[in-house]
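# Chains, contacts and geometry: an overview
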Amino acid sequence: MSKINIKKGDNVIVLAGESRGEKGRVLSVDREKQRVLVEGVNIVTKATKPSAKHPQGGLIKIEAPIHVSNVSLIDPASGKATRIAIKREDGKKVRIAKKSGKEIK
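Notes on the structure in this doc start here. (Residues numbered from 1 in each chain as written. Predicted model: local features only at pLDDT ≥ 70, side-chain atom pairs only at ≥ 80, totals over all residues. Heavy atoms only, no water.)

### Some thoughts on the nonpolar core
This is how it is decided: For the purposes of this section, nonpolar cores are sets of buried Ala, Val, Leu, Ile, Met, Phe, Trp, Tyr and Cys residues that join through side-chain atoms within 4.5 Å. Partly exposed describes any residue whose relative accessible area lies between the buried limit of under 20% and the exposed limit of over 50%, with all areas from a 1.4 Å probe on protein chains only and scaled to the type maximum. Strands here are runs of E lasting at least two residues and helices are runs of H or I lasting at least four, both read from the DSSP assignment and numbered beginning at the N terminus. By definition, residues are in contact when any of their heavy atoms lie within 4.5 Å.
Core analysis: the largest hydrophobic core is formed by 15 residues, its most contacted members being I6, V12, V36, V38, I66, V71 and L73. Among the secondary structure elements, those contributing two or more residues to this core are β1 (11-14), β3 (35-38) and β7 (71-74). Each residue touching V71, except ones within four places of it in the same chain, is listed here: I6, V12, I13, V14, L15, V36, V38 and I66.

Laid out in structure tokens, this is it:
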């Protein structure tokens, strides 16, 4: 199992699949299944029964998780996909974009 360098709140770009090229913010990360849920990406239609949350029921559109290998972090300087490096500064781990060398917050 490889290490997942993407965290909740990161801005990512989709590299493969039907939503290729779309950008969004990571809503959640499932480390066991190696999947991420990205805001506004991989929208699927789901049939639901009436409930308190959706009193009408019917078809709703929600985001479905995609594999972590199909997304990449966005470089804060250029806005393009980048890999990351981990560096230690003052005893803390800091994520650095490989393309620009800038810190990823």
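Read on for the rest.
### What about unusual backbone geometry?
Trans peptide bonds make up most of the peptide bonds, and negative phi angles are found at most residues other than glycine. Positioned with a positive phi, N42 is a non-glycine residue whose angle comes to about 60°. Along the chain, the position of N42 falls in the loop between β3 and β4 (43-48). For N42, a relative accessible area of 24% translates into the label partly exposed. Despite not being glycine, D90 has its phi angle at roughly 55°, a positive value. Residue placement: D90 occurs in the loop between β9 (84-89) and β10 (92-97).

### A look at the sheet that holds strand β8 (residues 81-82)
In a beta sheet, neighbouring strands pair by backbone hydrogen bonds and run either parallel or antiparallel. Under the convention used in this document: Here, strands pair whenever DSSP counts at least two bridges between them.
Strand order across the open sheet formed by 6 strands is β6-β3-β2-β1-β7-β8, with antiparallel pairing between neighbours. A strand with exactly one partner marks an edge of an open sheet, and here the two such strands are β6 (66-67) and β8. Of the strand pairs in this sheet, β7 and β8 are connected by 2 bridges, and their pairing is antiparallel. The residue bridging I74 from the neighbouring strand is A81, located in β8.

### Some points on the pairing of strand β2 (residues 23-30)
In terms of strand pairing, β1 meets β2 through 3 bridges, oriented antiparallel. Residue pairing across strands places V12 opposite G24, the latter belonging to β2. Pairing of β2 with β3, which is carried by 4 bridges, proceeds in the antiparallel orientation. Each bridged residue has a counterpart across the sheet, and for V26 the counterpart in β3 is V38. Linking β2 back to β3 in an antiparallel pair, the connection comprises 4 residues, with Q34 at a positive phi of about 55°.

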